[in-house]
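Chain by chain, the residues run as shown.
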Amino acid sequence: MKDINKYRGIIPAFYACYAPDGSISTEGVKALTRHLIAKGVKGVYVGGSSGECIYQHPDERKAVLEAVMSEAKGKITVIAHVACNNTADSVELAAHAEKCGVDAIASIPPIYFHLPNYAIADYWNAMSAAAPNTEFIIYNIPQLAGTALTMPLLNEMLKNPNVIAVKNSSMPTQDIQMFKDAGIQARGADGFAVFNGPDEQFVSGRVMGADGGIGGTYAVMPELFLKMNELIEKGDIPAARDIQYKADRIIYKMCEAHGNLYAVMKEILRRMYGLELGGVRAPLPGLIPEDEPIVAEAQKMIEDAVAAL
Ligand SMILES: CC(=O)N[C@H](C=O)[C@@H](O)[C@H](O)[C@H](O)CO
Ligand SMILES: CC(=O)C(=O)O
């Protein structure tokens, strides 16, 4: 049986790292990887929403993954999101990710056209066949993808022995239980993982049975999510919930900016740690001068919450 322990914990979604001219900064990628390893995270999720994957060329995505692996290989779990919306490019990234030695590949469903389940299964299985020795994680994020993971589709995908987990970013925590149940039925109690997606309800997702979390805001405040996870493992839900409330207020504050959430978080990492990760790629809106007090306030909220741990 496969070992899902490497997925049990806090796995930040990796941010796109740019040089001042807007090209990929592999130096930034390496620095962010080292930073997150030093913080004690379980792994990283590379090239997902937070990695601005839909705005990057497949060659850029390969360069990012190679830079991550140069720092992370053998130290933490690495999950590479490889979906490109067309099958050929996704298959190419899947094969590349296996060559790099990642722990798992992951994919959203095809976006824009709403395809039937059999077409989505073909798309995912084509990627998985290109990385036959690598585990496969289904990424369910219906509010952005426009397509939700259904039970018939999950059960079809469970026929593929590489399918090891669902990263669930839908809002009902009930979905975690449904996916987990189906996975356990097919793979046994320790054979299938579900990740909590919405950071704002990490504690409830874990209580509902998520094995760990993959989240877009973890990288800017990993201490808070690591502590919540530790408290949940000890069964101290009230203490975990207190931190969850603080994290949620920080997320709401960061979302007040005109600039995109990812731009805010990269700017906070620059201010707190000198990490030069650049801005966000158009059409995502960048920060404007009026965002300054929001960034400063969110940074202070993070520092205060971490100091209170
Ligand atoms: C919709 C979306 O992007 N969800 C992410 C992944 O599940 C979350 O990690 C969010 O980035 C996070 O919860 C902040 O809203
Ligand atoms: C947030 C997240 O999980 C992603 O970057 O896809």
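Residues numbered from 1 in each chain as written. Chains lettered and ligands numbered in written order. Predicted model: local features only at pLDDT ≥ 70, side-chain atom pairs only at ≥ 80, totals over all residues. Heavy atoms only, no water.

For the chain, an unreviewed UniProt entry supplies the name N-acetylneuraminate lyase and the organism Gemmiger formicilis. For the record of the chain, the UniProt heading Sequence similarities (unreviewed entry) holds the text "Belongs to the DapA family." (UniProt positions renumbered as here; feature names shortened; annotations may be inferred.)

A. Highlighting the site of ligand 1. Neighbouring ligand 1 are 13 residues, the closest being Lys167, Ser169, Asp199, Glu200 and Gly216. In the model, an oxygen atom of ligand 1 is placed 3.2 Å from a nitrogen or oxygen of the Gly197 main chain. In this structure, an oxygen atom belonging to ligand 1 sits 2.8 Å away from a main-chain N or O atom of Gly216. Taken by itself ligand 1 offers 380 Å² of open surface, and the protein chains cover 83% of this. Taken together, the residues of the shell around ligand 1 break down into 4 nonpolar, 6 polar and 3 charged. (Near = heavy atom within 4 Å. Polar contact = N/O pair within 3.5 Å; in protein donor to acceptor, adjacent residues only side chain to side chain. Areas by Shrake-Rupley, 256 points an atom, 1.4 Å probe, with all protein chains shown as cover. Nonpolar A, V, L, I, M, F, W, Y, C, P; charged D, E, K, R; others polar.)

B. Summary view of a nonpolar patch on the surface. Taken together, the side chains of Tyr112, Phe113 and Leu115 present a nonpolar region at the surface, about 390 Å² in accessible area. Turning to its location among the elements, Tyr112 is positioned in the loop between β4 (104–107) and α4 (117–130). Overall, the relative accessible area of 70% leaves Tyr112 in the exposed class. (Patch = residues over 30% accessible without salt bridge, like charges linked within 9 Å, V, L, I, M, F, W, Y side chains within 5 Å. Salt bridge = Lys/Arg side-chain N within 4 Å of Asp/Glu carboxyl O. Helix = DSSP H or I, 4+ residues; strand = E, 2+ residues; numbered from the N terminus. Buried < 20%, exposed > 50% of the residue type's maximum accessible area, 1.4 Å probe, protein only.)

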